[in-house]
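Listed here are the chains, written in short residue letters.
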Amino acid sequence: MRFVTYTSADGDRTGVLNGELIHALPEGTSLLELLGPALRQAGERALTEPADVVALADVTLKAPLPRPPSLRDCLCFLDHLRACRKAVGDTGALEPVWYQIPAFYFASPATVIGPYDDVPISPGSAWFDFELEIAAVIGTAGRDLTPEQAEGHIAGYTLFCDWSARDLQGLESQLKIGQAKGKDGASALGPWLVTPDELPFGPDGRPALQVRAEVNGEPVGAGRTDSMDWSFGEVISYASRGVELQPGDVFGSGTVPGCCLAEHLDFGDLAAFRGWLKDGDVVSLRAEGLGEVRQTVRASAPPPPLAPRHDPNTKPRRPRLNPAASLLPYTKGLHQVGDGVWAWLLPDGGYGWSNAGLVAGDGASLLVDTLYDLPLTAEMLSGMRPVTDRHPLSHAVLTHANGDHTHGGQLLPASTRVIAAEGTAHEMRTEMAPELTAALQVMDLGPTLTPYLRDRFGRFDFGGIRLRTPDQTFDRRLTFDVGGREVHLIDLGPAHTEADTVVHIPDAGVLFAGDLLFIGCTPIVWSGPIANWIAACDAMIGLGASTVVPGHGPVTDADGIRAVRDYFRHIVEQADAAYAKGLDFQEAAFGVDLAEYAGWLDAERVVVNIYRRYREIHPDQPVLDRFALFALMAEWDSRRQPSAPRSAGRVASRGGGLDVRDNRFLRGTTSADGTHTVPTIREGIARTGSRPRHRLSARAPPPPAAPPNGPAQKPLTPGTKTHHRATPRRAS
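Residues numbered from 1 in each chain as written. Predicted model: local features only at pLDDT ≥ 70, side-chain atom pairs only at ≥ 80, totals over all residues. Heavy atoms only, no water.

Peer 1: Honestly, the overall build of the chain in this entry has me stumped. Any pointers?
Peer 2: A count of helices and strands for the chain gives 17 helices and 32 strands. The proportion of buried residues among the 732 residues of the chain is 59%. (Helix = DSSP H or I, 4+ residues; strand = E, 2+ residues; numbered from the N terminus. Buried < 20%, exposed > 50% of the residue type's maximum accessible area, 1.4 Å probe, protein only.)

Shown next, in the form of structure tokens:
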């Protein structure tokens, strides 16, 4: 039989599904109170003597048990956990305890939703995911059950979707006390509760159902439920040790392997990941015999902020203050920099705190870049409305592909024509999904890199971003008209990125330099070569603009361009001299004399700049990914803080050597005194896994118990599945 709970004019009703009709039980009857030996009899009576008959298409189904007494989510499929670990660069190997006892955690019955209800994204999450599971519902109470007895206590099965906030889950796992807000946002049950006699089972007693998961009609994963390592009987038996299970208690199976987004994440190929769920996505989960859950994801309001507690172990850090002189007050907001030209400034100019621009013509206007997240961009567009209400945004130019200049594009009017260099469009198409940048905020990457990244990136909201790619691209140069004003676009890259566009407004004498110009903060060469950047500075000076708006930092003039050019000449001189002395790039970076540039913000970026120069001198230098470079920048910065010793030479993190010559630090190493080096982001994410690794206190095994209706308890048989082993979007 298939039991449903549905809404009616008189409140929730319970019924039995008969084809496309629901045979209702008497008003006031709930499925929860029917569970037990009388369930089948009540269902048969409803089929022959219904209190009402309604069409399935005419009602709204709720979860079969809208508020179950308890909700446990288990991990019956170990291949799911292996796949999650492999996705973030781990081997997929599991600790022995996973083969000794089944795992589960308690979810929230208060957030159970129906099979077709909209699903709110967990507040504050940018990594929202689904997990296709099936669930067993307890029909009769029991305690200290054997696996065989536990199977007999199951009233039926239903589809179960465990909606998961992966970023919150990863952050909370560092507390090492189990699941919290990463897992209690929503749990979907439905569309009906199916009695065991309606379903196929394998010879070992496991439900043998084919399942399939889709997002927006596109397949994500498929599998079978009889691939469980731990059966429902075993996990229910384990949960019943010393606990009286109640009718209506729900046990989720854990994710059927392949049927969630997290398993398809590959930090070795971030561009291939479809991205996490966003507002408007439709998730469809199907299971043979159990029906379909089909739900639309909806955005949530941001959560109320909580002030962090003081960490007594935190080292004092130098205050961040941009030291550069400015032609205008360097304050957040809109500043007029020329006739019909404005700059939107975001102090202090560090990572993510970028500038944008607005050029107004007759009845039209041009936006130069968006900002790093949606709230910042929305605030900027609102601040520009006194201009754009009179001169609507007809065009937008993206100076380069970094997220702090592109992430807000979805908030632009649909009629706005977005323009970028072809190299910028290419980078936007091939970089990782914007929300993956949240990894910089939540993952545990060691005692040096973690606080560095959270200090730099912790204040941004990467949720809900849908990257808007250019409508028009150009090669090297483009001139066009905005309300009667001539605008020149010139791609002077590669330098900071693959393509770096400047926007010149000749009639106003204003140049928007994008990230070819950092004022009072250190530029960073993600692409290079450095000679191109120096040449770009000369080209910008040659344009003769009297006012220059940098990508980061206060408004400047040609002297600001000269300062950046001279910085790079100094870095080349320092790197070349170190190379000539036989120093490797780490020794050169950590021993560099920054001279008058030492006071610029984010001076640690010199690590990347010297690395890039060494690669130019000797292309056979080891190739480091961006997160490895972040680890070295964090170490450099830590050594330059007031309380840290200043010394040159090879980087070591608390005794562990970080040696780029053999890339050992990309895997992490342990020194003789037991301390561990800074790991890569892939290792940090892998450590969180998909579920917490609970620590259980050693204790004597429970004594055999004699339940009222069965023999003494039998020990669980450990899982016997084969133990398989596998042989960030940037900000300026």
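Peer 1: Teacher, can you tell me more about the pattern of salt bridges here?
Peer 2: Think of it this way: side chains of opposite charge can pair up when their charged atoms draw near. One pass over the structure, following the stated rule, counts 42 salt bridges. For Arg166, the salt bridge identified is with Glu131, shortest N-O distance 2.8 Å. Taken together, the positions of Arg166 in helix α5 (residues 166-172) and Glu131 in the loop between β10 (128-129) and β11 (132-138) put the pair 35 residues apart, joining distant regions of the chain. In this pair, the class of Arg166 matches that of Glu131, namely buried. Between Lys332 and Glu379 there is a salt bridge, and its shortest N-O distance comes to 2.9 Å. Separated by 47 residues along the polypeptide, Lys332 in the loop between β18 (291-298) and β19 (333-338) and Glu379 in helix α7 (residues 374-383) bring together distant segments of the chain. Relative accessible area serves as the criterion here: at 44%, Lys332 is assigned to the partly exposed category. Taken together, the shared-partner salt bridges in this structure form one network comprising Arg320, Asp348, Asp455, Arg456, Asp602, Glu604, Arg605 and Asp637. (Salt bridge = Lys/Arg side-chain N within 4 Å of Asp/Glu carboxyl O.)

Peer 1: Hey, could you run me through the sheet that holds strand β15 (residues 218-224) in this one?
Peer 2: Neighbouring strands of a sheet are bound in pairs by backbone hydrogen bonds; such pairs are parallel or else antiparallel. Sheet architecture is open: five strands sit in the order β9-β18-β17-β14-β15, paired in mixed fashion. Looking along the sheet, the strands with just one partner apiece sit at the ends: β9 (119-120) and β15. Bridge analysis of strand β17 (residues 282-287) against β18 gives six bridges, and the strand direction is antiparallel. Bridge pairing in β18 places Ser284 opposite Arg294. (Pairing = 2+ DSSP bridges.)

Peer 1: Can you walk me through the pairing of strand β28 (residues 501-505) in this structure?
Peer 2: For β28, the tally of buried residues reaches five of five residues, placing the bulk of the element in the interior. Burial along β28 is two-sided: Thr501, Val503 and Ile505 facing one way and Val502 and His504 facing the other are all buried. Examined bridge by bridge, strand β27 (residues 485-491) and β28 share four bridges and lie antiparallel to one another. By the bridge assignment for β28, Ile490 is matched with Val502. Alignment of β28 against strand β29 (residues 510-518), held across three bridges, turns out to be antiparallel. Its bridge partner being in β29, Ile505 is matched across the sheet by Val510. The hairpin formed by β28 and β29 contains four residues between the paired strands, and Gly509 there has a positive phi angle of roughly 65°.

Peer 1: In this structure, what is going on with the packing of helix α13 (residues 558-580) against helix α15 (residues 606-617)? I would like to understand it.
Peer 2: Helix-helix packing is characterised by the crossing angle of the two axes and by the distance between the axes. Packing of α13 against α15 brings their axes to within 10 Å, and their N-to-C directions diverge by 60°. Of the possible angle classes, the one that applies to α13 and α15 is oblique. Remark: the crossing between α13 and α15 carries right-handed chirality. Residue-level inspection shows Tyr567, Phe568, Ile571, Val572, Ala575, Asp576, Ala578 and Tyr579 of α13 in contact with α15, the latter providing Val606, Asn609, Ile610, Arg613, Tyr614 and Ile617. Within the contact of α13 with α15, the residues separate by chemical class into 11 nonpolar, one polar and two charged. (Axes fitted to C-alpha atoms, helices over the stretch in contact; angles between N-to-C directions. Parallel < 35°, antiparallel > 145°, perpendicular 65-115°, else oblique. Left-handed = near helix turned anticlockwise from the far one by under 90°. Contact = heavy atoms within 4.5 Å. Nonpolar A, V, L, I, M, F, W, Y, C, P; charged D, E, K, R; others polar.)

Peer 1: Even after reading the chapter, I still don't get the nonpolar core, so can you show me in this structure?
Peer 2: A general trend in soluble globular proteins is that nonpolar side chains are found buried together. In terms of nonpolar packing, the biggest core is built from 166 residues, with Phe130, Trp163, Phe232, Ile236, Ile610 and Phe630 touching the most fellow members. Looking at this core, the element that brings in the most residues is helix α16 (residues 626-640), giving nine residues. Membership of the second largest hydrophobic core comes to 26 residues, among which are Ala364, Ile419, Val487 and Val549. (Core = buried A, V, L, I, M, F, W, Y, C linked by side-chain atoms within 4.5 Å.)

Peer 1: Looking at this structure, how should I read the sheet that holds β27?
Peer 2: The mixed open sheet is built from five strands, whose spatial order is β26-β27-β28-β29-β30. The sheet is open, and its two edges are formed by β26 (477-482) and β30 (547-552), each paired on a single side. Here the average twist between neighbouring strands, direction ignored, is 25°. Here α13 sits on the sheet and contacts β29 and β30; the angle it forms with β29, its principal contact strand, is near 20°.

Everything listed here is a matter of geometry and, on its own, says nothing about what the molecule does.
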